[in-house]
Amino acid sequence: MEKFTHIISTAVPLPMEDVDTDQIIPARFLKATTREGFGKNLFRDWRYKADGSPKADFVLNNQTYSGKILVAGKNFGCGSSREHAAWSLTDYGFKVVVSSFFADIFRGNALNNGLLPVQVSPEFLHEMFTAIEHDPQVKFIVSLEHQTIAIAGTEREEQFDIDPFRKVCMINGYDDIDFLLSLKGEIEEFERVREGEKSGILI
Amino acid sequence: MSKTLFDKIWNAHVVKSVEGGMDVLYIDRHFIHEVTSPQAFDGLRQRNIPVFRTEKTVATADHNVPTINQHLPINDPLGRFQVEKLTENCAEFGVDLYGLGHRWQGIVHVIGPELGITQPGMTIVCGDSHTSTHGAFGTIAFGIGTSQVEQVLASQCLLLKRPKRMRITVDGELAEGVVSKDIILYIISKLSAAGGTGYFVEYAGGAIRSLSMEARMTICNMSIEMGARGGLIAPDETTFEYVRGREFAPQGTDFEAAVAKWRTLFSDPDAMFDKEYHYRAEDIAPMITYGTNPGMGVPVDEAIPTAPMPGDSLASFEKSLGYMGFAAGENLLGKPIHHVFIGSCTNSRIEDLRLAAKFVQGKQKAAHVTAMIVPGSKQVEQQAKAEGLDQIFIAAGFEFREPGCSACLGMNEDKVPAGEYCVSTSNRNFEGRQGPGARTILASPLTAVAAAVAGEIVDVRAVMN
């Protein structure tokens, strides 16, 4: 996994609530067997018409907005567990998603792919949308180390939460799997103890 | 100290706790399917490691498969490749696969319970958010991403933060025409599509206890639609009788010993929950959804709200209604519909098919409606045929298909055309879920079959015999 420490970037606003993973990447594009190439179909049905031509009113087709940060309304990433949602966002070039609320499975999938979910207060989210509306070139400074997100050129800054373990993993680019594989002996011991309790019954 | 059912099961599966409040949780059963597993197997290959516990891993092909002519090669080359990849991966890594052509093939959350693989007290995961279905047996069951699929294949464990606990109690008796799907759509309409995020839900109360296992599965299945990672119901005699004698269930004295342990699986009377909700079954009517997330539901005879739910923006509410072609304050009774889909991991089991067949027997679907029954598994399909249900459906003008996820998510050919309305027994009414531009109205099998006959949204209570 790629390391993440901090980022300074403009942002793309998507002020909708309950953006579900079927919007992020529709099911018909889940037939690939690799992790690459999902970015071209990110937000496919909001971004393109049925004939494949771009929808001018969708934010990813508006050259005014760009950047490595996506700012979205509450309950971002709800719905299906498809990790393809995180893959399509990173493949497109996003490094950070900001919302006032993330769906659980999406949040986990993002963290496992070096995509930082930054949960801010509804008030700060509103300020971010307002700042982008006022000046699409406004930059945001996200520091994972300090767990802060700031609006550049202002004194507006907010702290965000992240599990300490996840933070270390993101900063160092560690995967959970390396850690779990290192526990093999303890996992086997757990299995032996449990089987000794009563064979065939799994509680 | 008093414990919730959730904590009893969780605690019994903690291999170790890690600094910072995470637990390494042992997983008893891992279901895999063709869509979310290929990248995980690639990861194992890159690390040159095996599947750690093949005997705890079971695979099936369901998301991509066609529901007609399953004996022929899959037409869609990408879908075919993905299904073939699953077959190759299972052969290479030694995982049991009940794929196309197998007598146990079916939707992963239908076959686990019907084969007795799902048993009380287990931890169960799958790369699919509706894994919460298995919670109906008193299990901790939840959906995971592909990186986690790889972790479980590699170590039979996951690194997790313990969620908060919520209890939803439904007491009283359901009215005629109201079924378990209506209970869960009602709950989600009250709590919203995000109301359960961060929680694991226990469903309790007399109205839940009185449900069959299949009806309980429908409720637990949709826990994720309010954001909860999973939902579970304490096992009882109904659960034990369902599991007894199934293919992979403990047999003979082992079964009796298992039941003795399963009887300890309940929340202690004074166990504390982080959040509690209470509802009355008598307050629940047949439900339908009007918007583009499952929280946007109303009793079938009530009008669409005139304003968004608290915390939702007017822009999102209007976008949603605009997509559906509905107006705020509109009553949907009498609204013409084009398609009816009875299937998916929510409502494709034999009881769902019996309920629909009983209503439709001797009736005809409306001429302008396409109606499709997709059984959840080969075993459900065979049972339906043995009972003659397929003939009842065919006589009424319905299509009776072969098992798979089908039009729930439109990964195969079973799609709803843009702009058309589908009354669906599935679990998600997201934009484009059933095909680009498709408009989904979620409902119970009973409300769906009544809509197929009437050709419009009807209150099933008014048209039952």
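Sequence order as written defines the numbering, with residues in each chain counted from 1. Labels follow written order: the first chain is A, the first ligand is 1, and so on. Only residues with pLDDT of at least 70 are given local features in this predicted model, and only at 80 or more are side-chain atom pairs given and counted; all residues enter the totals for whole chains, interfaces and linings. Only heavy atoms go into the side-chain values, all of them from the structure, while hydrogens and water stay out.

Draft legend 1. How the structure looks around the overall build of chain B. By definition, any uninterrupted DSSP run of H or I lasting at least four residues is a helix, any uninterrupted run of E lasting at least two residues is a strand, and each is numbered from the N terminus. Helices and strands together make up the secondary structure of chain B, namely 16 helices and 19 strands. With the radius of gyration taken over C-alpha atoms, the globule rule is written as 2.2 Å times the number of residues to the power 0.38. Taken over C-alpha atoms, the radius of gyration comes to 21 Å for chain B, in line with the 23 Å a tight globule of 465 residues would show. Its C-alpha atoms give chain B principal-axis dimensions of roughly 55 × 55 × 45 Å. The buried share among the 465 residues of chain B stands at 67%. Areas reported as accessible are Shrake-Rupley estimates using a 1.4 Å probe. Residue values count occlusion only from the protein chains shown. Accessible surface for chain B amounts to roughly 14900 Å². Of this, 52% is attributable to carbon and sulfur atoms. The charged-residue count follows a simple rule in which Lys and Arg add positive charge and Asp and Glu add negative charge, with His and chain termini not counted at all. Think of each charge as sitting on NZ of Lys, CZ of Arg, CG of Asp or CD of Glu. When the 42 basic and 53 acidic side-chain charges of chain B are each reduced to a single mean position, those positions are 3 Å apart. Under the scheme applied here, a residue whose accessible area is under 20% of the maximum for its type counts as buried, over 50% as exposed, and between as partly exposed, the area being computed with a 1.4 Å probe on protein chains only.

Draft legend 2. Broad picture of the pairing of strand β5 (residues 116–119) of chain A. All names here are of chain A. Note: strand β4 (residues 96–99) against β5, four bridges, orientation parallel. From the neighbouring strand, Val98 faces β5, where its bridge partner is Val118. Crossovers are marked right-handed if the path from the first strand over the helix to the second runs clockwise, as seen with the strands pointing away from the viewer. As a crossover connection, the stretch from β4 through helix α4 (residues 104–111) into β5 is right-handed. Any two strands with at least two DSSP bridges between them are considered paired.

Draft legend 3. Highlighting the packing of helix α12 (residues 350–360) of chain B against helix α15 (residues 445–454) of chain B. All names here are of chain B. Fitting a line to C-alpha atoms yields each axis, with helices limited to the stretch in contact; the angle taken between N-to-C directions then spans 0 to 180 degrees. Packing of α12 against α15 leaves a shortest axis separation of 9 Å and a crossing angle of 35 degrees. The way α12 lies across α15 gives a crossing that is right-handed. For the pair formed by α12 and α15, the contact residues are Asp352, Leu355, Ala356, Phe359 and Val360 on the first element and Pro445, Leu446, Val449, Ala450 and Val453 on the second. In this classification, the charged set is Asp, Glu, Lys and Arg, the nonpolar set is Ala, Val, Leu, Ile, Met, Phe, Trp, Tyr, Cys and Pro, and all remaining amino acids, among them Gly, are polar. Here the contact of α12 with α15 is built from residues that sort into nine nonpolar, no polar and one charged. Here a crossing is taken to be left-handed if its near helix is turned anticlockwise relative to the far helix by less than a right angle, and right-handed if that turn runs clockwise. Pairs of residues are marked as contacts when any of their non-hydrogen atoms sit within 4.5 Å.

Draft legend 4. Region of interest: the interface of chain A and chain B. Taken together, the 58 residues of chain A in the interface contact 77 residues of chain B. Summed over both partners, buried area is the accessible surface (1.4 Å probe) that two parts give up on being assembled. Roughly 5600 Å² is buried in total at the junction of chain A and chain B, and carbon and sulfur atoms are behind 59% of that figure. By definition, a salt bridge exists where a carboxyl oxygen of Asp or Glu is found within 4 Å of a side-chain nitrogen of Lys or Arg. The tally of links from chain A across to chain B stands at ten salt bridges. One salt bridge in this structure joins B:Arg47 and A:Asp178, with 2.8 Å as the shortest N-O distance. We call two N or O atoms a polar contact when they sit within 3.5 Å, provided that within protein one can donate a hydrogen and the other can accept it, with sequence-adjacent residues counted only if both atoms are side-chain atoms. Along the contact surface separating chain A from chain B lie 30 residue pairs in polar contact (both at pLDDT 80 or more).

Draft legend 5. Here's a closer look at helix α5 (residues 146–155) of chain B. All names here are of chain B. Most of α5 sits inside the fold, with ten of its ten residues counted as buried. Every buried residue of α5 is listed here: Thr146, Ser147, Gln148, Val149, Glu150, Gln151, Val152, Leu153, Ala154 and Ser155. Taken from the residues just after α5, Gln156 is the one with a positive phi, measuring 60 degrees.

Draft legend 6. Looking closely at the environment of B:Val201. All names here are of chain B. Relative to the assigned elements, Val201 resides in strand β10 (residues 199–204). Judged by its relative accessible area of 0%, Val201 is buried. For the pair Val201 and Leu115, spaced 86 residues apart in the sequence, the C-alpha separation amounts to 25 Å.

Draft legend 7. Looking closely at the pattern of salt bridges. All names here are of chain B. Counted under the stated rule, the structure contains 44 salt bridges over all chains. Note that Arg165 is salt-bridged to Asp274, the shortest N-O span being 3.6 Å. Here the residue Arg165 occupies a position in strand β9 (residues 164–171), and Asp274 occupies one in the loop between α10 (252–262) and β12 (275–280), the gap between them amounting to 109 residues. A residue is classified by how much of its surface remains accessible, and Arg165, at 18% relative accessible area, is buried. Judged by its relative accessible area of 44%, Asp274 falls in the partly exposed class. The salt bridge partner of Glu399 is Arg401, with a shortest N-O separation of 2.7 Å. By relative accessible area, Glu399 is classed as partly exposed at 30%.

Draft legend 8. Structural view of unusual backbone geometry. Residue and element names in this part refer to chain B. For Gln156, which is not glycine, the phi torsion reads 60 degrees and is therefore positive. When you line up the elements, Gln156 lands in the loop between α5 and β8 (157–161). Backbone geometry at Ser192 places phi at a positive 80 degrees, although glycine is not the residue there. One can find Ser192 in the loop between α6 (180–191) and β10. With relative accessibility at 17%, the residue Ser192 sits in the buried group.

Draft legend 9. Structural detail: the sheet that holds β12(B). Residue and element names in this part refer to chain B. With respect to topology, four strands assemble into an open sheet ordered β11-β10-β9-β12, the strand pairing being parallel. A single partner strand is all that each edge strand has here, and the edge strands are β11 (230–232) and β12. Ignoring strand direction, the axes of neighbouring strands in this sheet form an average angle of 20 degrees. Bridge analysis of β10 against β11 gives three bridges, and the strand direction is parallel. The residue of β11 that forms the bridge with Glu202 is Leu232.

Draft legend 10. Inspection of the packing of α12(B) against helix α13 (residues 378–386) of chain B at higher detail. Residues and elements named next belong to chain B. As a packed pair, α12 and α13 sit with axes 10 Å apart at the nearest point and diverge in direction by 35 degrees. Crossing geometry of α12 relative to α13 is assigned as right-handed. Listed contacts from α13 to Ile350, Leu353 and Arg354 of α12 are Val380, Gln383 and Ala384. Here the residues of the contact of α12 with α13 are counted per class, giving four nonpolar, one polar and one charged.

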